[in-house]
Amino acid sequence: MISLAEELALLAIEDDGAVAYTAGQAGFGMALLGACLVDLNAQGRLDADLTAVHILSRAPTGDPMLDLVLGEMGGETLLSVEQWVLQLAPQVPKLVQLALGALVKRGILAQKESRFLWVLKERRYPVMDGREQKEAKLRIMSTLLGDDVPTPHDTVLVGLARAGGLLEGFLSAQEIHRLESRIGEVGGIDLVVKGVEAAIREDQAARARAMMLPMY
Amino acid sequence: MSVLNTTLETVNGVVVVLPEGRLDYDAAAGFQSTLEQTLAASDKPRGMIIDCTALSYVSSAGLRSFLVGARSAKSAGVPFVVCSLSQSVREVFTVSGFSRIIEEHADRAAALAKLG
């Protein structure tokens, strides 16, 4: 079974194997970090509340992504989910590579090198076994179109896919608009997801502030 | 190690669940199991009230156990409500969005009146 973080990375792979442009944006990276925190929570390595993340165990999980994140969460100071996500953001490129590597190793993705404009190297990850990606999309759709209370996994998946800009990869703008209320209702009923959303807002605000700095 | 004591009472066929203490990672699985077992019992309750009078803390893992309980109740066709939330627990429910999918009452009497 693939981890939530791998599932999220899989949703960033387009039909032609290209990594979606959203995967290069801060929101996706923070959603991926959030997925790692949720996975670590599920494996009893940490727990979170509105003010802090509490490390429960530093025992390795055997998952390189989760162990990388856990290893970076050192120090005695208690930080909130939002603060950890912002602090761990430099690890995102490594996490993306680890996630894609794990999916290749599982035989879900292939890895192909090609040339773009005859010169630039381009790496694509064609989907080998479409079952997992299809299942993730179907779970999201079924959560959004049904009226059930979502499972903890599905509410997190919807919340992080929304935060990471991944819904746009398989839903039209019109569909997203139509489902907006249900997305808001059942997406991300989870304290880690709320921390991720706060981190994304803070990151966007910081970027906006930087843009407004006087040039002279 | 946290301590959460959960007691169950039945009032006119409605099960009142009283968690007492901290609902964190250590306590979440047990609490979730209590809710699921109660809902799956052959003598299905007419409703389930989680009376949070003595619940002092809910973490991310604890919130998931509430979500699973609410989902199991809906699947079983059992009305599921919460009551008597402390300020800190209400804040967790509000910030997480759980309060949008769950019915909340000020106290047990109001919850029982609704389910009665």
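Scroll up to find the structure this text is about.
What you see is a predicted model, and the numbers here were worked out from it, not measured in a lab.

Before going further, it helps to examine the overall build of chain A. Helix and strand content of chain A: 9 helices and 4 strands. Taken over the C-alpha trace, chain A has a radius of gyration of 18 Å; the compact-globule value for 216 residues is 17 Å, and the two agree within 12%. Reported as C-alpha extents along the three principal axes, the dimensions of chain A are approximately 50 × 50 × 45 Å. Across the 216 residues that make up chain A, the buried fraction comes to 41%. Within chain A, counting contacts between residues at least 6 apart in sequence, those at least 24 apart form 68% of the total.

Turning to the overall build of chain B, a few remarks are in order. When helices and strands are tallied, chain B shows 4 helices and 6 strands. Counting from the amino terminus, chain B carries its helices and strands in the arrangement β-β-α-β-β-α-β-α-β-α. Computed over the C-alpha atoms, the radius of gyration of chain B is 13 Å, within 12% of the 13 Å expected from 2.2 N^0.38 for a compact globule of 116 residues. Across its three principal axes, chain B shows a C-alpha extent of roughly 35 × 25 × 20 Å. Burial analysis of chain B (116 residues in total) assigns 46% to the buried set. Restricting the contact set of chain B to residue pairs at least 6 apart, pairs at least 24 apart contribute 73%.

On to the packing of helix H2 (residues 26–42) of chain A against helix H5 (residues 92–105) of chain A, then. Think of two packed helices as two axes; the pair is described by the angle between the axes and how far apart they sit. Residue and element names in this part refer to chain A. Packing of H2 against H5 brings their axes to within 10 Å, and their N-to-C directions diverge by 65°. Comparing the axis directions of H2 and H5 gives the class roughly perpendicular. Note on packing geometry: the crossing formed by H2 with H5 is left-handed. Every residue of H5 that contacts H2 at Gly29, Leu32, Leu33 and Cys36 is listed here: Val92, Leu95, Val96 and Ala99.

We now examine the interface of chain A and chain B. With 19 residues of chain A at the interface, the matching set in chain B holds 20 residues. When residues of the side of chain A that touches chain B are traced back to their parent elements, those giving at least two are strand E1 (46–48), helix H7 (152–163) and helix H9 (191–211) of chain A. With 3 residues, H9(A) is the single largest residue contributor to the side of chain A that touches chain B. Split by residue class, the side of chain A that touches chain B holds 8 nonpolar, 5 polar and 6 charged.

All names here are of chain B. When you line up the elements, Met48 lands in strand E3 (residues 47–51). A tally of 25 C-beta atoms within 10 Å means that Met48 is categorised as buried. Spatially, the C-alpha atoms of Met48 and Val17 are 7.3 Å apart, while their sequence positions differ by 31 residues. Met48 has contacts with Val15, Val17, Leu39, Ala73, Val78 and Phe80, leaving out every residue within four places of it along the chain.

Attention now moves to helix H6 (residues 131–145) of chain A. All names here are of chain A. Given a rise of 1.5 Å per residue, 15 residues ought to cover 21 Å, and the 20 Å separating the end C-alpha atoms of H6 matches this to within 8%. For H6, the full list of buried residues reads Ala136, Lys137, Ile140, Thr143 and Leu144. Each buried residue of H6 sits inside an arc of 125° when the element is viewed along its axis, so together they form one side. Along H6, exposed side chains directed more than 90 degrees from the buried face belong to Arg131, Lys134, Leu138, Ser142 and Leu145. Its buried side turned inward, H6 meets helix H1 (4–11), H7 and helix H8 (173–186).

Conventions and cut-offs
- Residues numbered from 1 in each chain as written.
- Chains lettered and ligands numbered in written order.
- Predicted model: local features only at pLDDT ≥ 70, side-chain atom pairs only at ≥ 80, totals over all residues.
- Helix = DSSP H or I, 4+ residues; strand = E, 2+ residues; numbered from the N terminus.
- Rg over C-alpha atoms; globule rule 2.2 N^0.38 Å.
- Buried ≥ 20, exposed ≤ 12 C-beta atoms within 10 Å, placed from the backbone.
- Contact = placed C-beta atoms within 7 Å.
- Axes fitted to C-alpha atoms, helices over the stretch in contact; angles between N-to-C directions.
- Parallel < 35°, antiparallel > 145°, perpendicular 65-115°, else oblique.
- Left-handed = near helix turned anticlockwise from the far one by under 90°.
- Nonpolar A, V, L, I, M, F, W, Y, C, P; charged D, E, K, R; others polar.
- Expected span 1.5 Å × (residues − 1).
- Arc of directions from axis to C-beta.

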